[in-house]
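Coordinates in review
One letter stands for each residue in the lines below.
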Amino acid sequence: METKYSTKDGNRIYFNEEHEMLRQTVNEFVKKEINPFMDEWEEKEMAPLHDLFKKMGDLGFLGIRYDPEYGGQGLDYWFDLVFLEELGHIHGYGVPMAITVQTHMATPASHDIGTEYLKETYLRPAIQGDMITAIGVTEPGAGSDVAKLATRAKRDGDSWIINGSKIFITNGVQGDYVTLLARTSDEPGYHCFGLFVVPTDVPGFSVGKKLDKIGNRCSDTALLYLDNVRVPHGNLIGPEGEGFILQMKQFQHERFAAFPIMYTMSQDIIYMTVDYIKEREVQREPLIMKQVLRHRLADWLTEIECFKQLTYHIVRMKMEGMDVTREVSMGKLYGGHLFNRVADGCLQMFGGTGYMHESLISRYYLDSRLLSIGGGASEVMSDVIAKVEGF
Ligand SMILES: Cc1cc2nc3c(=O)[nH]c(=O)nc-3n(C[C@H](O)[C@H](O)[C@H](O)COP(=O)(O)OP(=O)(O)OC[C@H]3O[C@@H](n4cnc5c(N)ncnc54)[C@H](O)[C@@H]3O)c2cc1C
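Residues numbered from 1 in each chain as written. Predicted model: local features only at pLDDT ≥ 70, side-chain atom pairs only at ≥ 80, totals over all residues. Heavy atoms only, no water.

**Topic: the side chain of Asp220**
- Tracing the chain through its elements places Asp220 in the loop between strand 6 (205–210) and strand 7 (221–232).
- Within the buried core, Asp220 has no salt-bridge partner, and the shortest N-O distance to an opposite charge, that of Lys210, equals 7.3 Å.
- From its side chain, Asp220 meets the backbone nitrogen of Gly172 in a polar contact 3.1 Å long.
- Here Gln174 takes part through its side chain, which lies 2.8 Å from a polar atom of the side chain of Asp220.
- The residues contacting Asp220, other than those within four sequence positions of it, are Met46, Leu49, Ile169, Thr170, Asn171, Gly172, Val173, Gln174 and Lys210. (Helix = DSSP H or I, 4+ residues; strand = E, 2+ residues; numbered from the N terminus. Buried < 20%, exposed > 50% of the residue type's maximum accessible area, 1.4 Å probe, protein only. Lys, Arg positive; Asp, Glu negative; His and termini not counted. Salt bridge = Lys/Arg side-chain N within 4 Å of Asp/Glu carboxyl O. Polar contact = N/O pair within 3.5 Å; in protein donor to acceptor, adjacent residues only side chain to side chain. Contact = heavy atoms within 4.5 Å.)

Right under this line is the structure:
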């Protein structure tokens, strides 16, 4: 999105004409098909995902990196980054979250190691925008401690019977299937889980409740119940017992997807605030004249640039096929808090106006709060970093 403040000269080092064409297409889509409706969707507490994702699927947005054999674009991580950066211009985090569940959270494992049956039946419709997906890991008794989850899958002939519940599931109300982690045996350790594709229209599957959140209100979040849900053995992704390991890999895609959205959105929040404080007068001069405020904004922009450069470094590592667990955990830890601080600090500069629901900054403030909790809380990221570092 063009801005009158930043110069994007540095971008030329990373992006060519093809990247910029994708950027422009996604940018126009956000401006035309998403932002004008954000207020309405927030009010209704639901974005119309079937309609929106179909449009995005038709434009090839839902499978940027995925295999063209299954409807994907077959592009690399730089194109993925460009797509995610443009999602950052959406006026709130709820819709980008719904989209990245589809593109980076519920589908990577099926794409990477799914069978032909899984790819044809579930991945292709997700890429085309014909099916809405969700990722079901968290349970009422197990969030940060994923290994504690109690949802149980038992083998019965050529199928699995699943019992349990999942909480805080994004797209859970509108989802057509959930990529769901369940325990397959009571053995200790991590090799006793399965990652299953569970259609939501099967007997025994129910949405217990649509949850009432403080932010990201247009994103539907559900409590799900599974009561003797039967799925074919073919709906197990990868080898039996390896679901936990697969989900840990899938988490790296999930966490990474938030970075470009967070730094782009943080930057937009800052420019929006600059516009406001240039107009707002206090003590007979515009607030922008206060050096303390200008410095604060400049400090955040500096941190945003550092976060962005860490993200670009991760893209380079991904292009080399390297393990990015350490860097992605650092990005999630740092970026989540930065996003919190920028939204909070900019709301402060809007004063009472910022505290009103009708102001966009209040939405950013409430939405951003999730980012140091969801998808792995900050403390969990610190744990991972310490472990990878060996202390
Ligand atoms: C809006 C929203 C959408 C979500 N979407 C999904 C989804 O689509 N799919 C899904 O599976 N899950 C989803 N989640 C769940 C989310 O990933 C979890 O909320 C998150 O992992 C934290 O788990 P918890 O809520 O159980 O917190 P707990 O595990 O109870 O932790 C509470 C707090 O304790 C602290 N803590 C945790 N571990 C440690 C530690 N090792 N050391 C020190 N402190 C620690 C952290 O501050 C943490 O926030 C969503 C959550 C929300 C709120």
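**Remarks on the site of the ligand**
- If you check the shell around the ligand, you find 19 residues, and the closest are Ile135, Thr138, Ser144, Phe168 and Asp383.
- Within the contact set of the ligand, a nitrogen atom lies 2.7 Å away from a side-chain nitrogen or oxygen of Thr138.
- Between a nitrogen atom of the ligand and a side-chain N or O atom of Thr170, the distance comes to 2.8 Å.
- Contact with the protein chains removes 65% of the 970 Å² of surface that the ligand exposes when unbound.
- The cavity where the ligand resides is the largest pocket.
- Elements with a contribution of two residues or more to the shell around the ligand: strand 1 (133–136), strand 3 (159–170) and helix 12 (378–389).
- Its residues placed into classes, the shell around the ligand shows 8 nonpolar, 8 polar and 3 charged. (Near = heavy atom within 4 Å. Areas by Shrake-Rupley, 256 points an atom, 1.4 Å probe, with all protein chains shown as cover. 1 Å grid on protein atoms, 1.4 Å probe; cavity = no way out; pocket = protein on both sides within 12 Å on 5 of 7 lines; lining within 4 Å. Sits in = over half its atoms within 2 Å of the grid points. Nonpolar A, V, L, I, M, F, W, Y, C, P; charged D, E, K, R; others polar.)

**Observations concerning the packing of aromatic side chains**
- Throughout the structure, instances matching the rule amount to 20 aromatic pairs.
- Pairing Trp78 with Tyr312 gives two aromatic rings, centres 5.7 Å apart and planes at 85°, and the pair type is edge-to-face. Note that Trp78 is positioned in helix 4 (residues 77–87) and Tyr312 in helix 9 (residues 291–319), a separation of 234 residues in sequence.
- Among the residues examined, Trp78 registers a relative accessible area of 12% and is labelled buried.
- The rings of Phe256, Phe259, Tyr263, Phe307 and Tyr334 are connected pair by pair, giving a single aromatic cluster.
- Taking NZ or CZ as reference, Arg255 lies 4.6 Å from the ring centre of Phe251, over its face.
- Lys318 extends its terminal NZ or CZ atom over the ring of Phe256, reaching a point 4.6 Å from the ring centre. (Phe/Tyr/Trp six-rings, centres within 6.5 Å; stacked < 30°, edge-to-face > 60°. Lys NZ or Arg CZ within 6 Å of the ring centre and 35° of its normal.)

Honestly, that's just the spatial picture; any functional story needs more than this.
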